[in-house]
Amino acid sequence: MRYFTCHCCDNRLFIDNTLCQSCHSELGWCSACQTISALTPLGDGRYRCSNPDCASLLAKCQNYAVENVCNRMIPAHSAEAGTVLCDCCRHNRQIPDLEVDGHRHRWAKLESAKRRMFYTLDLLGLPHEVDPQKASPPLTFAFLADEVPSDDGEWQTHHALDPVYTGHADGLITINVKEADDVERERLRRDFKEAQRTLIGHFRHEVAHYYWDLLIKGHDEEAACIAVFGDHNSPSYTEALERYYAVGAPADWAERHVSAYATMHPWEDFAETFAFYLDMVAVLDTAGNFGITPTGYEEDLHAMLTTFQRLGMALNEVNREMGLVDIVPEIITPALYAKLEYVHELILRQRLQSTAN
């Protein structure tokens, strides 16, 4: 993730900002110049991007102007034609019940994580179409709850709500709203023994399942994926799930997998590996933009992994000094390298195809 500069005062800006803390200009993500930019209000619901190389006419996404959970702008001509949601919010199929206390804040955290994920997907050139005419399946999101927080902060099952499972099905990514509650998510992280259960981690894992459906399922690529991750047809996903929760991961799982959960089924192995790859790209891009490392995303996987491992060792020690969990708990074994190489080359091919089109 890169940082941005306020064109009104040269203050440093970040992707979630809505107000410059120096000159107090309103800020928004300009889809034309792809930056967080100061906004010049024109008095008619329109704004002008303050980037002198852009100066686009813009309007606020409805979820920015009305709901205050977004900071993206849309082209003014699109708004005049009836478009109300930005290129990120239009992927939403369902949002949390805003009558529930705290849900608006949790929704804002979900949207922030989604915007960061889309930034990385765009960096890699991965498609994320919401129009079913342009992608099969299209990518959509549902943020739902089956429990509500009580006065003491505990989450309680609500009899009128259907169970909500965070997951992916046919292009729809569902995330349980309580994952945006830091205390509840930490409890689940401990209970499930997941070293890195984070909100953005859920997005990266579930979008990996989406790309399996979009780029691999039913294509020539499927055979190559089976050769690396195993046959997803045998055992069935249901059988594998039951076995995993009955006996757990093998003791030597770290020799071949990025996480214990990745041992459950080839689909989960692919998703966990793909999500780790997105983690790595996002961390390297941020470190590169802040001058910490010379390497961001590039076509040389070995160079990326070498830089990431060196950075990871340093960041792990910094976190340990603060009593925090390791930021990079994974160890890159030869087996894991082969899986990351497959994901890397899959994305490169998609990137080249997108560029050619």
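Everything below is about the structure shown above.
These numbers come from a predicted model, not from an experiment.

What counts, and where the lines are drawn
- Residues numbered from 1 in each chain as written.
- Predicted model: local features only at pLDDT ≥ 70, side-chain atom pairs only at ≥ 80, totals over all residues.
- Heavy atoms only, no water.
- Helix = DSSP H or I, 4+ residues; strand = E, 2+ residues; numbered from the N terminus.
- Rg over C-alpha atoms; globule rule 2.2 N^0.38 Å.
- Buried < 20%, exposed > 50% of the residue type's maximum accessible area, 1.4 Å probe, protein only.
- Contact = heavy atoms within 4.5 Å.
- Core = buried A, V, L, I, M, F, W, Y, C linked by side-chain atoms within 4.5 Å.
- Pairing = 2+ DSSP bridges.
- Axes fitted to C-alpha atoms, helices over the stretch in contact; angles between N-to-C directions.
- Expected span 1.5 Å × (residues − 1).
- 1 Å grid on protein atoms, 1.4 Å probe; cavity = no way out; pocket = protein on both sides within 12 Å on 5 of 7 lines; lining within 4 Å.
- Points joined across faces, edges and corners; volume = space filled by probe spheres on them.
- Nonpolar A, V, L, I, M, F, W, Y, C, P; charged D, E, K, R; others polar.

(A) The overall build of the protein chain, seen in detail. For the protein chain, the count of helices and strands is ten helices and 13 strands. Relative to the 2.2 N^0.38 estimate, which gives 21 Å for 357 residues, the radius of gyration of the protein chain is 21 Å and therefore close to what a compact globule would have. Counting only C-alpha atoms, the protein chain reaches 65 × 50 × 50 Å along its principal axes. In the protein chain, which comprises 357 residues, the proportion classed as buried is 46%. Considering only intrachain contacts with a sequence separation of at least 6, the fraction spanning at least 24 residues in the protein chain is 56%.

(B) Structural detail: the nonpolar core. Within the largest apolar cluster, 71 residues are counted, with the highest numbers of intra-cluster contacts made by Phe 203, Val 207, Tyr 211, Phe 270, Phe 274 and Tyr 277. Broken down by element, this core gets its largest block of residues, eleven residues, from helix α5 (residues 199-216). When sequence neighbours within four positions are dropped, the list of residues in contact with Tyr 211 reads Leu 121, Leu 126, Pro 127, His 128, Ile 216 and Phe 274. By size, the runner-up hydrophobic cluster in this structure holds eleven residues, among which are Phe 4, Leu 13, Ile 15 and Leu 27.

(C) Geometry of the sheet that holds strand β13 (residues 172-176). One open sheet accounts for four strands, arranged β8-β9-β13-β12; its pairing is mixed. The open sheet terminates on both sides in strands that have one partner only, identified here as β8 (92-94) and β12 (167-169). Geometrically, the sheet is characterised by an average inter-axis angle of 25° between neighbouring strands, direction not taken into account. Along the sheet face, helix α3 (residues 103-124) touches β8, β9 (140-144) and β13 and points at about 155° away from the line of β9. Seen against the sheet, α5 touches β9, β12 and β13 and runs at an angle of roughly 20° to β12.

(D) Structural view of unusual backbone geometry. Residue Pro 137 is reached from Ser 136 by a cis peptide bond, and omega for that bond is 5°. With respect to the helices and strands, the residue Pro 137 is situated in the loop between α3 and β9. Backbone torsion omega between Ser 234 and Pro 235 reads 0°, so that peptide bond is classified as cis. When you line up the elements, Pro 235 lands in the loop between α6 (221-229) and α7 (237-247). The phi angle at Asp 10 is positive, at roughly 70°, despite the residue not being glycine. Tracing the backbone through its elements, the reader meets Asp 10 in the loop between β1 (4-5) and β2 (12-13). Even without being a glycine, His 24 presents a positive backbone phi close to 65°. In this fold, His 24 is placed in the loop between β2 and β3 (27-30).

(E) Spotlight on the environment of Cys 9. Summarising the element assignment, Cys 9 is placed in the loop between β1 and β2. A C-alpha to C-alpha distance of 54 Å links Cys 9 and Ala 227, two positions 218 residues apart in sequence. Ignoring sequence-local partners within four residues, the contact set of Cys 9 consists of Cys 20, Ser 22 and Cys 23.

(F) Looking closely at the pairing of strand β5 (residues 46-49). Residues Tyr 47 and Cys 49 of β5 are buried on one face, while the alternating residues Arg 46 and Arg 48, pointing to the opposite face, are not. In this structure, strand β4 (residues 35-41) lies alongside β5, joined through three bridges in antiparallel fashion. Bridging across to β5, Pro 41 finds its partner in Tyr 47.

(G) Local environment of α3. The terminal C-alpha atoms of α3, which comprises 22 residues, lie 32 Å apart, in line with the 32 Å expected from a rise of 1.5 Å per residue. Looking at the residues trailing α3, positive phi occurs at Gly 125, about 75°.

(H) Structural detail: the environment of Glu 179. Residue position: Glu 179 is located in the loop between β13 and α4 (182-191). Of the residues examined, Glu 179 reaches a relative accessible area of 3% and is grouped as buried. Residue contacts for Glu 179: discarding those within four places in its chain leaves Thr 166, Arg 185, Leu 188, Arg 197, Leu 199 and His 202.

(I) Just the sheet that holds β3, in detail. Taken in spatial order, the five strands make up an open sheet running β3-β4-β5-β6-β7, and their pairing is antiparallel. Unpaired on one side and paired on the other, β3 and β7 (73-75) mark the two borders of the sheet. Taken over all neighbouring pairs, the strand axes of this sheet differ in orientation by 55° on average, direction set aside.

(J) How the structure looks around the layout of surface pockets. Estimates place the volume of the second largest pocket at around 230 Å³. Looking at the second largest pocket, the residues that line it are Pro 127, Glu 129, Lys 134, Ala 135, Leu 214, Leu 215, Glu 221, Leu 346, Arg 349, Gln 350 and Gln 353. Tallying contributions element by element places helix α10 (residues 334-356) first for the lining of the second largest pocket, with four residues. For the lining of the second largest pocket, the class distribution of residues is five nonpolar, two polar and four charged.

Taken by themselves, the reported measurements are silent on function.
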